[in-house]
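Understanding the architecture of this molecule
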Amino acid sequence: MSEQDRVRWEERYRSRPTPDVTAIELPEVFAPYEDLFPSSGKALDLACGSGVVSVWLARRGLDVWGVDISETAIAQARELAVRAGVGERCRFDVFDLDSGLPAGPAVDVVVCHKFRDARLDQPIIERLTPGGWLAISALSIVGAGPGPYRVEPGELTSSFAQLEVIAAGEGGGEAWLVARNRGDLGSRQG
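Heads up: these notes are all about the structure in this document.

Criteria and thresholds
- Residues numbered from 1 in each chain as written.
- Predicted model: local features only at pLDDT ≥ 70, side-chain atom pairs only at ≥ 80, totals over all residues.
- Heavy atoms only, no water.
- Helix = DSSP H or I, 4+ residues; strand = E, 2+ residues; numbered from the N terminus.
- Rg over C-alpha atoms; globule rule 2.2 N^0.38 Å.
- Buried < 20%, exposed > 50% of the residue type's maximum accessible area, 1.4 Å probe, protein only.
- Pairing = 2+ DSSP bridges.
- Right-handed = clockwise from strand over helix to strand, strands pointing away.

**Digging into the overall build of the protein**
- Within the protein, the secondary structure is distributed over five helices and seven strands.
- Counting helices and strands in the order they occur from the N terminus, the protein gives α-β-α-β-α-β-β-α-β-α-β-β.
- Over its C-alpha atoms the protein spans a radius of gyration of 16 Å, differing by no more than 12% from the 16 Å that the globule rule assigns to 190 residues.
- Here the C-alpha coordinates of the protein stretch approximately 40 × 35 × 30 Å along the principal axes.

Printed below as a string of structure tokens:
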């Protein structure tokens, strides 16, 4: 990530307080599918920001590793996890996803909310355990028009066609997908 982008994200998180424990929930696009998320296992939250989704997953029963480029966001995520009583289930690290996914074991859930780097698509698929879940969203040109970091219509569904797509949608400037590893893919990293 460029230094300019890193500074922009730092400033963004410094300008807002750590989320309140009452704000812990899945993003709206994933909320209708919350019952599909497992209640045990391991999760990886990419570009986790202040850790709201990570803490939701930990409260559900998963051990979660959240990564983000912002040191301030990671500090907020750690604080939120402790205040929510799941600090022991959460690990948060500063990590630049421009260098790929952080090395680690296969996981049962990968969440990536409003972050997109197509270079991570195959590594994400390979990181999922057989039967593992992916919940991903990104800014979209659908309902918003072209712009930086916006995906094209159908891009997420096409990019993750190797997975069993459970639900997907586009509109209002956001594209999202919930999918499951059919079992014949993934688990190649260790």
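**Looking at unusual backbone geometry**
- In this model, alanine 47 sits at a positive phi of 55°, which is unusual for a non-glycine residue.
- Topologically, alanine 47 is positioned in the loop between β1 (42-46) and α2 (52-60).
- You can call alanine 47 partly exposed: its relative accessible area is 23%.
- A positive phi angle, close to 60°, is found at lysine 114, a residue other than glycine.
- Here lysine 114 is to be found in the loop between β4 (107-112) and α4 (121-127).

**Re the pairing of β4**
- Taken across its six residues, β4 has five buried, putting it largely inside the fold.
- Of the pairings in the sheet, the one linking β1 to β4 comprises four bridges and is parallel in character. Bridge pairing in β4 places alanine 43 opposite valine 109.
- Here β4 pairs with strand β5 (residues 128-139) via five bridges, running parallel. Counted as the bridge partner of cysteine 112 is isoleucine 136 from β5.
- Once the chain exits β4 it traverses α4 before rejoining the sheet at β5, and the crossover so formed is right-handed.

**What about the pairing of strand β7 (residues 174-180)?**
- Summarising burial for β7: six of the seven residues are buried, a large majority.
- Bridge count between β5 and β7: seven bridges; the pairing is antiparallel. Note that in β7 the partner of alanine 135 across the bridge is valine 178.
- As judged from the seven bridges shared by strand β6 (residues 164-171) and β7, these two strands associate in the antiparallel manner. Directly across from glycine 169, in β7, lies its bridge partner tryptophan 176.

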